[in-house]
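# Chain and residue survey
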Amino acid sequence: MNAADILSTLPELVLTVTALGLLLLEVMGKPPRARFVWVALGGVGLALGLEFAVPSEGQFYAGMISVDLFTRFFNVLFLTTAAGSLLISVPYLRRTLEERGEYYALTLFATVGMMFMAKAHDLTITFLGLELLSVSLYILVAFYRNRVRSNEAGLKYLLLGAFSTGFFLFGIALIYGSTGTTHYDGIRLAIGSGEQLSMALTVTGFGLLIIGFAFKVALVPFHMYAPDVYEGAPTPITAFVSTGPKVAGFAAFLKVIATAFAFTTQHWWGILWILAAITMTVGNITALRQDNLKRMLAFSGVAHAGYLAIAIMVGSADSAFALLFYLAAYAITTLGAFGIVSLIEGEDESGLDMDSYRGLARRSPYLAGVFALIMLSLAGFPPTAGFLGKFFIFSAAIDEGYTWLVIIAVVNSLISVYYYLRPVVAMYMQEPADESAVAVPAFIVPVLLLVVLVALGLGLFPMSLVKNSIAAAGSLF
Amino acid sequence: MVVPLHHIIAISGLLFTIGVVGVLFRRSAIIVFMSVEIMLNAVNLAFVAFSRYHGSVDGQVFVFFIMTLAAAEVAVGLAIIIALYRNLRTADLSEIHELKH
């Protein structure tokens with residue numbers, strides 16, 4: 001290990017040290033807990049700054065980590081969602097009197113896990129990043145230990161997460177057995193030169209790896225845990241779980257497919273085709289029937305994973321760029337959606353149903369406006385970023401000849417309009433039960449501004465993100 | 001006597017299947033958790049066997065990581081199960097259904 005290695009993981013190191021420091025501060029109980037969030041945000045900000053101030057490029061730690069524009073794109077996205085979910089958490093934690101140092105520390109640990117998933121260039125690191133992320137999230141989901149629903153969500157997440165880890169690991173074991181290495185480049189060379197034990201072993205291992213990833217990003221039929229976890233977890237954690245891990249899962253999935261397998265495992269394309277199609281359909285159809293906003297957004301997240309799976313399967317440079325664009329738009333808008341849900345939510349997890357949004361436009365016009373914008377972006381109306389993301393993915397898929405899949409996806413988008421517009425109709429066309437304005441804590445305001453900037457700003461002026469995603473996706477090919 | 005590679009992989013596959021069946025069909029959270037551990041240990045066995053076959057230590061190092069993860073997961077998992085037990089007085093998965101399906 002040398003100085004270049006350390007510099008290449010400086011943002012991760014800063015976050016880890018910040019998280020450990022928060023744990024120490026919590027034990028010492030010295031500064032008031034109200035300051036913890038500033039320590040955590042300071043760490044995230046410093047990591048974000050270092051990402052640009054100390055740019056690395058190339059492979060480090062004996063090739064186990066690769067740093068390029070792709071990893072920088074995702075690190076910025078992870079750090080932004082982490083900062084956003086920290087900000088959303090503060091008012092919620094204070095209202096419920098649960099503000100503690102370990103909450104912030106675990107959020108940072110999970111973020112480090114995501115960053116290593118994108119930076120990994122060896123399945124060992126992919127696995128360690130994934131588990132650092134997952135174990136931190138199990139605790140965060142079950143953080144409210146006196147709430148039965150939070151416990152239950154945590155237990156379900158843990159059992160199914162550990163179950164899927166088993167498949168993921170068995171897949172790695174078979175790939176290692178066949179190729180003799182866990183290094184992405186080594187695997188690609190072994191497959192390319194035919195120096196593998198047996199093609200069947202590699203293909204089976206890759207299939208098990210797909211199952212592992214499908215669990216993490218909640219593709220049908222591996223999505224069963226998602227609605228329960230999203231509903232039972234404290235709302236700010238739902239915001240975090242529905243954005244970061246999904247983005248990290250797709251980032252690692254894309255990187256493994258592109259660099260370790262070079263899109264050579266066509267055996268599984270038929271399976272991915274079907275997974276994408278049923279994920280979209282099941283996610284959207286089930287979301288139609290949900291009255292609980294958290295549960296509805298959970299199924300909407302499943303549906304979005306379906307659209308994203310199309311981009312993974314198409315596997316062209318265009319679709320990789322579309323995937324990155326879509327992930328950025330999806331992550332920020334979903335974060336904002338759950339942020340607003342956490343504001344409307346009342347005591348004891350009430351106020352999560354559609355009726356609580358009646359007349360919101362009269363009570364808090366700005367908040368209702370932002371929420372309507374988020375719903376339109378998730379549904380894919382122009383001129384929002386969500387529309388462009390869908391457009392890029394669908395056109396990349398059509399270019400490669402996946403016309404039928406795109407037809408299914410477009411029909412699904414039309415179905416999804418119905419449930420995304422339900423809260424909008426409730427907000428603008430129904431009478432409020434009480435006229436009082438919803439209190440918007442100062443912590444949430446930056447998140448809402450970011451959402452507007454991404455959903456509408458990038459919808460109208462997408463070139464900056466388009467350029468960055470093309471450059472980031474380009475470093476994979 | 002050297003045991004051939006495919007015998008060990010077959011045992012590993014069998015153990016993995018036992019673990020999967022245990023997760024899918026047992027109702028006690030603790031037993032489900034143990035079944036997951038069987039799955040992880042099946043993976044460990046495969047890693048060690050392949051590591052020996054290839055003559056590289058990568059696989060054995062991986063086993064250490066998996067054991068570390070298993071320990072971390074048990075610590076967190078049992079803590080969650082105990083918290084749930086305190087609230088509900090049960091660890092039977094079929095009786096835990098506060099969240100609608």
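The paragraphs below set out a description of the structure included in this document. (Residues numbered from 1 in each chain as written. Chains lettered and ligands numbered in written order. Predicted model: local features only at pLDDT ≥ 70, side-chain atom pairs only at ≥ 80, totals over all residues. Heavy atoms only, no water.)

Moving on to the overall build of chain B. Each helix and strand in chain B was counted, giving three helices and zero strands. For 101 residues, the compact-globule formula gives about 13 Å, and the C-alpha radius of gyration of chain B, at 17 Å, lies well above that figure. Projecting the C-alpha coordinates of chain B onto the three principal axes gives extents of approximately 50 × 25 × 25 Å. The 101 residues of chain B split such that 41% are buried. Pairs at least 24 apart in sequence give 53% of the contacts found in chain B among residues at least 6 apart. When the accessible surface of chain B is summed, it comes to about 5,600 Å², and 68% of that surface belongs to carbon and sulfur atoms. Across chain B, the mean location of the 6 positive side-chain charges is 4 Å away from that of the 6 negative side-chain charges. (Helix = DSSP H or I, 4+ residues; strand = E, 2+ residues; numbered from the N terminus. Rg over C-alpha atoms; globule rule 2.2 N^0.38 Å. Buried < 20%, exposed > 50% of the residue type's maximum accessible area, 1.4 Å probe, protein only. Contact = heavy atoms within 4.5 Å. Areas by Shrake-Rupley, 256 points an atom, 1.4 Å probe, with all protein chains shown as cover. Lys, Arg positive; Asp, Glu negative; His and termini not counted. Charge placed at Lys NZ, Arg CZ, Asp CG, Glu CD.)

Glancing now at the nonpolar core. Formed by 222 residues in total, the largest nonpolar core has its most connected members in Phe74(A), Tyr104(A), Leu209(A), Ile310(A) and Met375(A). Setting aside anything within four residues of it in sequence, one finds Phe74(A) in contact with Ala118(A), Val247(A), Ala251(A), Leu324(A) and Leu327(A). (Core = buried A, V, L, I, M, F, W, Y, C linked by side-chain atoms within 4.5 Å.)

Glancing now at the interface of chain B and chain A. Taken together, the contact pairs 44 residues of chain B with 45 residues of chain A. In this assembly, chain B packs against chain A so that about 3,700 Å² is buried in total across both faces, 80% of it on carbon and sulfur atoms. Our enumeration of links across chain B and chain A arrives at zero salt bridges. Our count for the contact surface shared by chain B and chain A stands at six residue pairs in polar contact (both at pLDDT 80 or more). When residues in the side of chain B that touches chain A are grouped by element, the largest group, 15 residues, is from helix 3 (residues 58-88) of chain B. Here the side of chain B that touches chain A is composed, by residue class, of 30 nonpolar, ten polar and four charged. (Buried area = accessible area lost by both parts, 1.4 Å probe. Salt bridge = Lys/Arg side-chain N within 4 Å of Asp/Glu carboxyl O. Polar contact = N/O pair within 3.5 Å; in protein donor to acceptor, adjacent residues only side chain to side chain. Nonpolar A, V, L, I, M, F, W, Y, C, P; charged D, E, K, R; others polar.)

This part covers the side chain of Thr126(A). Residues and elements named next belong to chain A. Tracing the chain through its elements places Thr126 in helix 6 (residues 123-141). Assessed through its relative accessible area of 1%, Thr126 is described here as buried. At a separation of 3.0 Å, a polar atom in the side chain of Thr126 contacts the main-chain carbonyl oxygen of Asp122. Beyond its immediate stretch of four places on either side in the chain, Thr126 contacts Met117, Ala120, Phe168, Tyr184 and Ala252.

Residues and elements named next belong to chain A. Across the junction of Val220 and Pro221, the peptide omega takes the value 5°, indicating a cis bond. With respect to the helices and strands, Pro221 occurs in the loop between helix 9 (199-217) and helix 10 (225-232). Each neighbour pair has its own omega, and for Pro382 with Pro383 the value is 0°, a cis peptide bond. In this model, Ala62 sits at a positive phi of 55°, which is unusual for a non-glycine residue. Turning to its location among the elements, Ala62 is positioned in the loop between strand 1 (58-60) and strand 2 (65-67). Phi is positive for Ala218, which is not a glycine, with a value near 60°. By secondary structure assignment, the location of Ala218 is in the loop between helix 9 and helix 10.

All chains considered together, the criterion is met by 29 aromatic pairs over all chains. Seen in terms of ring centroids, Phe163(A) and Phe167(A) are 5.1 Å apart; in terms of plane orientation they differ by 85°. Their pairing is edge-to-face. On the criterion of helical spacing, the pair formed by Phe163(A) and Phe167(A) is a turn pair, its members being four residues apart in helix 7 (residues 148-179). An identical accessibility class is assigned to Phe163(A) and Phe167(A); each is buried. Ring pairing ties together the aromatic residues Phe163(A), Phe167(A), Phe170(A), Phe215(A), Phe222(A) and Phe16(B), which thus form one cluster. Positioned above the aromatic ring of Tyr144(A) is the side chain of Arg147(A), whose terminal nitrogen or guanidinium carbon lies 4.2 Å from the ring centre. (Phe/Tyr/Trp six-rings, centres within 6.5 Å; stacked < 30°, edge-to-face > 60°. Lys NZ or Arg CZ within 6 Å of the ring centre and 35° of its normal.)

Residue and element names in this part refer to chain A. Viewed as axis vectors pointing N to C, helix 14 (residues 317-344) and helix 20 (residues 463-474) meet at an angle of 130°, and their least axial separation amounts to 8 Å. Classed by the angle they form, the pair helix 14 and helix 20 counts as oblique. By crossing handedness, the relation of helix 14 to helix 20 is classed as right-handed. In contact with Ala317, Ala320, Phe321, Leu324, Phe325 and Ala328 of helix 14, helix 20 contributes Leu465, Val466, Ser469, Ile470, Ala472 and Ala473. Of the residues belonging to the contact of helix 14 with helix 20, the class tally is eleven nonpolar, one polar and no charged. (Axes fitted to C-alpha atoms, helices over the stretch in contact; angles between N-to-C directions. Parallel < 35°, antiparallel > 145°, perpendicular 65-115°, else oblique. Left-handed = near helix turned anticlockwise from the far one by under 90°.)

What follows covers the pattern of salt bridges. Residues and elements named next belong to chain A. A complete count under the given rule lists 15 salt bridges over all chains for this structure. Its salt-bridge partner being Arg100, residue Glu102 comes within 2.9 Å of it at the nearest N-O pair. Between Asp228 and Arg295 there is a salt bridge whose closest N-O contact spans 3.1 Å. Taken together, the positions of Asp228 in helix 10 and Arg295 in helix 13 (residues 293-314) put the pair 67 residues apart, joining distant regions of the chain. For Arg295, a relative accessible area of 3% gives the class buried. Three or more residues are tied together by salt bridges with common partners; here these are Arg149, Glu152, Lys156, Asp228, Glu231 and Arg295.

Geometric descriptors of this kind do not, in isolation, establish any biological role.
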